[in-house]
Amino acid sequence: MSRMFALRWRINILTMGDDEAATMGVNARRTRIVVIIAATLVTAASVCVTGVIGWVGLVIPHLCRMLVGADYRRLIPACSAESTTGGASDNAPSGTARKCQQT
């Protein structure tokens, strides 16, 4: 996660396109590979620790993007904070509903 946090400004530059990134001194291909590997490792680590929790993994990042916007300088820290606090608040109602269905 620290690697993603450190690369958040480069991810913003990648959204402008490869030519713009090269103009700003960012190696787009290398940055893209590093971000994909880092995101894969973060995802694998979270699934290993918590199990398959699709709701939090899919919904929280989209909620963060709606709340914070597309700027990765603010989006990555917000997703980190939201997944620890918002994830629990999102799972509580669904867990309660699932238990009510079983009885």
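Residues numbered from 1 in each chain as written. Predicted model: local features only at pLDDT ≥ 70, side-chain atom pairs only at ≥ 80, totals over all residues. Heavy atoms only, no water.

From N to C terminus, the protein chain includes six helices and zero strands. Counting helices and strands in the order they occur from the N terminus, the protein chain gives α-α-α-α-α-α. For the protein chain, the residues scored as buried account for 23% of the 103 residues in total. Residue pairs at least 24 apart in sequence account for 56% of intrachain contacts in the protein chain once pairs closer than 6 positions are excluded. For the protein chain, the computed accessible surface area is about 7200 Å², with 64% contributed by carbon and sulfur atoms. (Helix = DSSP H or I, 4+ residues; strand = E, 2+ residues; numbered from the N terminus. Buried < 20%, exposed > 50% of the residue type's maximum accessible area, 1.4 Å probe, protein only. Contact = heavy atoms within 4.5 Å. Areas by Shrake-Rupley, 256 points an atom, 1.4 Å probe, with all protein chains shown as cover.)

All right, on to the pattern of salt bridges then. Tallied over the full model, the rule gives three salt bridges. Here Arg32 ties to Asp18 by a salt bridge, and the two come within 2.8 Å at their closest N and O atoms. Of this pair, Arg32 sits in helix α4 (residues 28-50) while Asp18 is found in helix α3 (residues 18-23), placing the two residues 14 residues apart along the sequence. A relative accessible area of 41% places Asp18 in the partly exposed class. Residue Asp71 pairs with Arg74 through a salt bridge whose shortest N-O separation is 3.8 Å. Beyond isolated ion pairs, a larger network of salt bridges with shared partners links Asp71, Arg73 and Arg74. (Salt bridge = Lys/Arg side-chain N within 4 Å of Asp/Glu carboxyl O.)

The next point concerns the environment of Asp18. Put simply, Asp18 and Ala28 are ten residues apart on the chain and 5.8 Å apart in space, counted from C-alpha to C-alpha. Not counting chain neighbours up to four residues away, the residues in contact with Asp18 comprise Ala28 and Arg32.

So, on to a nonpolar patch on the surface. Together, Ile33, Ile37 and Leu41 line one region of the surface with nonpolar side chains, adding up to about 280 Å² of accessible area. Turning to its location among the elements, Ile33 is positioned in helix α4. (Patch = residues over 30% accessible without salt bridge, like charges linked within 9 Å, V, L, I, M, F, W, Y side chains within 5 Å.)

Our focus in this paragraph is the side chain of Asp71. Its location among the elements puts Asp71 in the loop between α5 (54-68) and α6 (72-102). In this structure the side chain of Asp71 is engaged in a polar contact, spanning 2.4 Å, whose partner is the side chain of Asn12. Side-chain polar atoms of Asp71 contact the side chain of Arg73, separated by 2.9 Å. (Polar contact = N/O pair within 3.5 Å; in protein donor to acceptor, adjacent residues only side chain to side chain.)

This paragraph deals with the side chain of Asn12. Structurally, Asn12 can be placed in helix α2 (residues 8-14). Beyond its immediate sequence surroundings of up to four residues, Asn12 is in contact with Ala70, Asp71, Tyr72 and Arg73.

Moving on to the nonpolar core. The biggest cluster of nonpolar side chains holds eleven residues, and these are Met4, Leu7, Ile11, Val35, Ala38, Ile60, Cys64, Tyr72, Leu75, Ile76 and Cys79. Elements represented by at least two residues in this core include exactly α4, α5 and α6. Examining the composition of this core, we find that four residues originate from one element, α6, more than from any other. Membership of the second largest hydrophobic core comes to five residues, among which are Ile13, Ala21, Val26 and Ala28. (Core = buried A, V, L, I, M, F, W, Y, C linked by side-chain atoms within 4.5 Å.)

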